[in-house]
Amino acid sequence: AMHRTKRRQSHDWQLFAEEHLPEDEQPEVELRRAIQKGQLRVLYQPIVDLVTGDLAAVEALVRWDHPTRGVLGPQAFLPAAEESGLINDLGRFVLAEACSQMRGWRGMLPDGRSLHLSVNFSPSQFARPDFAQDVLGIVDRTGFDPADLVVEITEGALVDEELVVPQLEALRARGVRIALDDFGTGYSTLYQITRLPIDVLKLDRSFVMEINGGRSSNAVAEAVVRIARMLHLDTVAEGIEEPSQAAELTVLGFKNGQGFYFAEPMTPDAVRTLISAPHLQKA
Ligand code: C2E
Ligand code: MG
Ligand code: MG
Ligand code: MG
């Protein structure tokens, strides 16, 4: 009962030594049950064409409706999911859920309009020999077009480059596109970027935050857009909160933008409403 009371007040598992929790309250036990009981759900954040303002894609972002702690964001449970290996089940759930929902939305798009789906995976997932097969199996079962899927990988996954690259290549062979997420914050070298099978660079939010109109505040963003152009990669700038940042990134040549300025992660119902009026540009 003691633990229970403490847990309720806590917003962070790290605060509690796991070995002191009864077995049924271990994070991974709780998370496994959450997946089974349908307590996980997916929100979608719009990714916008910076020039036209059109909705280009949505990024799937997982949430946990925890029975006692309220709505939890990924940082509250992804570490436990990764340590326990449950991240694989979680990933399958998110992908299957997002692909099914997307299939419903596709029919609502005006003629000739496309909508991509971006899904995050953790580094350990990419290193599994059956990762690509797993992803493509779910895509096929849900009737989703693999060419509409973008798989987001972080630079952390490149530590296991020799395991990860064949998985990326197998995905790309079916038309899936690969985005390097949080770009600029990790350890990848420019040399690695030139050799990797990737299609999109996502400029990390920390560099977008720097953009304030001051001299050289956009130096990293500018360098990234140039690298992308030379390597024929698409670009997304994430974490855009201010109209001035959107304007600056558009002038620099970023193709797409994402951030609270355009829209926060939203429920499937809100996406449906948005798709009925896909022009997202703010007045
Ligand atoms: P990410 O992939 O870089 O996703 C963007 C995160 O930034 C999201 O946080 C989003 O809500 C937040 N964000 C977007 N625009 C803004 C903005 O303008 N300002 C600020 N302050 N934040 C913004 P969220 O949903 O908490 O997700 C955090 C991270 O968790 C994600 O970062 C991604 O790495 C990971 N994640 C989310 N869903 C999944 C999943 O299904 N599987 C895996 N493996 N990882 C996931
Ligand atoms: Mg992402
Ligand atoms: Mg990101
Ligand atoms: Mg990020």
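None of the values given here were measured: they were computed from a predicted structure. By convention here, each chain's residues receive numbers from 1 onward along its written sequence. Chain A is the first chain written and ligand 1 is the first ligand written, with later ones labelled in order. Totals for whole chains, interfaces and linings use all residues, but because this is a predicted model, local features are given only for residues with pLDDT of at least 70 and pairs of side-chain atoms are given and counted only at 80 or more. Where side-chain values are given, they derive from all heavy atoms of the structure, hydrogens and water being excluded.

Student: Before we go on, may I ask you to explain helix 10 (residues 219-230) in this structure?
Tutor: Think of an α-helix as turning once every 3.6 residues; residues three or four places apart then point the same way. Secondary structure follows DSSP: runs of H or I at least 4 residues long count as helices, runs of E at least 2 residues long count as strands, and numbering of each begins at the N terminus. To estimate how far a helix should extend, the number of its residues minus one is multiplied by 1.5 Å. With twelve residues, helix 10 extends 17 Å from end C-alpha to end C-alpha; this agrees with the ideal 16 Å at 1.5 Å per step. Whether a residue is buried, partly exposed or exposed follows from its accessible area with a 1.4 Å probe, protein chains only, as a fraction of its type maximum: under 20%, in between, or over 50%, in that order. Of the positions making up helix 10, those classed as buried are Ala221, Val224, Val225, Ile227 and Ala228. The arc enclosing the buried residues of helix 10, seen along the axis, measures out at 160°, which places them on a common side. Relative to its buried face, helix 10 has exposed residues pointing more than 90 degrees away, namely Arg229 and Met230. The contact definition used throughout considers only heavy atoms, calling two residues in contact when any of these lie within 4.5 Å. In this fold, the buried residues of helix 10 make contact with strand 6 (177-183), helix 8 (190-195), strand 7 (200-203), strand 8 (234-238) and helix 11 (243-252). The arc under discussion is defined with respect to the helix axis, by the directions toward the C-beta atoms.

Student: What exactly am I supposed to notice about the coordination of the magnesium ion (ligand 3) here?
Tutor: Four donors placed tetrahedrally around a metal ideally meet at 109.5 degrees, and six donors placed octahedrally ideally meet at 90 or 180 degrees. The protein atoms donating to the magnesium ion (ligand 3) are Asp181 (OD), Asp182 (OD), Glu238 (OE) and Glu238 (OE), with metal-donor distances spanning 2.0 to 2.6 Å. Only N, O and S atoms count as donors, using a 2.8 Å cut-off from the metal and 3.2 Å for Na, K and Ca, and because water is excluded some sites may appear unfinished. Within one chain, the residues serving as donors to the magnesium ion (ligand 3) are arranged as D-D-x55-E. In this structure, the magnesium ion (ligand 3) lies 3.6 Å away from the magnesium ion (ligand 2), the two metals sharing Asp181 as a donor. Note that Asp181 is positioned in strand 6 and Glu238 in strand 8, a separation of 57 residues in sequence. Pair check on accessibility: Asp181 and Glu238 agree, each one buried.

Student: Even after reading the chapter, I still don't get the nonpolar core, so can you show me in this structure?
Tutor: Within soluble globular proteins, side chains that are nonpolar tend to cluster in buried spots. Counting residues in each nonpolar core, the largest one holds 77 residues, and the members touching the most others are Leu117, Leu149, Leu249 and Phe254. Looking at this core element by element, the count peaks at eight residues for helix 4 (residues 87-106). If we ignore the near neighbours within four places in the chain, the residues touching Leu249 are Leu50, Leu203, Val208, Ile211, Ala221, Ala237, Ile240 and Phe254. The next biggest cluster of nonpolar side chains, apart from the first, holds six residues, and it includes Ala57, Val150, Val200 and Val236. What makes a nonpolar core is a set of buried Ala, Val, Leu, Ile, Met, Phe, Trp, Tyr and Cys residues whose side-chain atoms join them at distances within 4.5 Å.

Student: Is there a simple way to explain the pattern of salt bridges in this structure?
Tutor: Side-chain pairs of opposite charge can arise where the charged atoms are in close proximity. Counted as salt bridges are all cases of a side-chain nitrogen of Lys or Arg within 4 Å of a carboxyl oxygen of Asp or Glu. For the structure shown, the criterion picks out 14 salt bridges. Its salt-bridge partner being Asp65, residue Arg41 comes within 2.6 Å of it at the nearest N-O pair. Here Arg41 is found in strand 1 (residues 40-49), whereas its partner Asp65 is found in strand 2 (residues 55-66), with 24 residues between them in sequence. A relative accessible area of 27% places Arg41 in the partly exposed class. The partner of Asp134 in a salt bridge is Arg92, and the shortest N-O contact between them spans 2.6 Å. Remark: Arg92 occurs in helix 4 and Asp134 occurs in helix 6 (residues 131-141); sequence separation between them is 42 residues. Shared partners join several salt bridges into a network, and the residues in it are Glu59, Glu152 and Lys202.

Student: Which parts of the structure should I look at to understand helix 6?
Tutor: Along helix 6, the residues that are buried comprise Phe131, Ala132, Val135, Leu136, Gly137, Ile138 and Val139. Structurally, helix 6 contributes buried residues whose contacts are with helix 4, helix 5 (123-126), strand 5 (149-154) and helix 7 (161-173). One or two positions beyond helix 6, positive phi appears at Gly143, with a value near 70°.

Student: Quick question: what am I supposed to make of the side chain of Asn88 here?
Tutor: Its place among the elements puts Asn88 in helix 4. Exposure remark for Asn88: the relative accessible area of 16% places this residue in the buried category. The contacts of Asn88, once residues within four sequence positions are left out, are Gln125 and Arg128.

Student: Just checking my understanding: could you explain the packing of aromatic side chains for this structure?
Tutor: The relative placement of two aromatic rings is captured by the distance of their centres and the angle of their planes. Each pair of aromatic rings taken from Phe, Tyr and Trp, with Trp reduced to its six-membered ring, is defined by centres within 6.5 Å and is described as stacked if the planes are under 30 degrees apart, edge-to-face if over 60, and tilted in the remaining cases. Following the criterion strictly, the structure yields six aromatic pairs and no others. Arranged with centres 4.9 Å apart and planes meeting at 85°, the rings of Tyr44 and Trp105 form a pair that is edge-to-face. Here the residue Tyr44 occupies a position in strand 1, and Trp105 occupies one in helix 4, the gap between them amounting to 61 residues. Taken individually, Tyr44 and Trp105 each receive the classification buried, so the pair is uniform in this respect. Geometrically, the ring pair formed by Phe126 and Phe131 is tilted, given 4.8 Å between the ring centres and 50° between the ring planes. Each member of the pair, Phe126 together with Phe131, is buried. Three or more aromatic residues link up through ring pairs in this structure, and these residues are Phe121, Phe126 and Phe131.

Student: Mind showing me how you'd approach the site of ligand 1 here?
Tutor: Neighbouring residues are identified by heavy atoms, a residue being near a molecule or strand if any of them is within 4 Å of it. Lining the immediate surroundings of ligand 1 are 25 residues, of which Arg63, Asn120, Asp181, Glu241 and Phe260 lie closest. Between a nitrogen atom of ligand 1 and a side-chain N or O atom of Glu241, the distance comes to 2.6 Å. What sets the accessible areas is the Shrake-Rupley method with a 1.4 Å probe; for residues, cover comes only from the shown protein chains. Compared with its free state, where it exposes 810 Å², ligand 1 has 83% of that area covered by protein. Those elements that provide at least two residues to the shell around ligand 1 are strand 2, helix 3 (74-84), helix 4 and strand 6. For this analysis, a polar contact is any N or O atom pair within 3.5 Å, provided that within protein one partner can donate a hydrogen and the other can accept it, and provided that sequence-adjacent residues contribute only side-chain to side-chain pairs.

Student: Before we go on, may I ask you to explain the packing of helix 6 against helix 7 in this structure?
Tutor: The description of two helices packed together rests on the angle between their axes and the distance between the axes. Comment: axis = line fitted to C-alpha atoms, over the contacting stretch for helices; angle = value between 0 and 180 degrees taken between N-to-C directions. With their axes 8 Å apart at the nearest point, helix 6 and helix 7 run at an angle of 25° to one another. One finds that helix 6 runs roughly parallel with respect to helix 7. In terms of crossing hand, the pair formed by helix 6 and helix 7 is right-handed. Between helix 6 and helix 7, the contacting residues are Phe131, Ala132, Val135 and Leu136 on the first element and Gln167, Ala170 and Leu171 on the second. Here the term charged refers only to Asp, Glu, Lys and Arg, the term nonpolar to Ala, Val, Leu, Ile, Met, Phe, Trp, Tyr, Cys and Pro, and the term polar to all other amino acids, Gly among them. A per-class count over the contact of helix 6 with helix 7 returns six nonpolar, one polar and no charged. By definition in this entry, angles of less than 35 degrees are roughly parallel, angles greater than 145 are roughly antiparallel, angles of 65 to 115 are roughly perpendicular, and the rest are oblique. Note on convention: near helix rotated counterclockwise from far helix by under a right angle means a left-handed crossing. Clockwise means right-handed.

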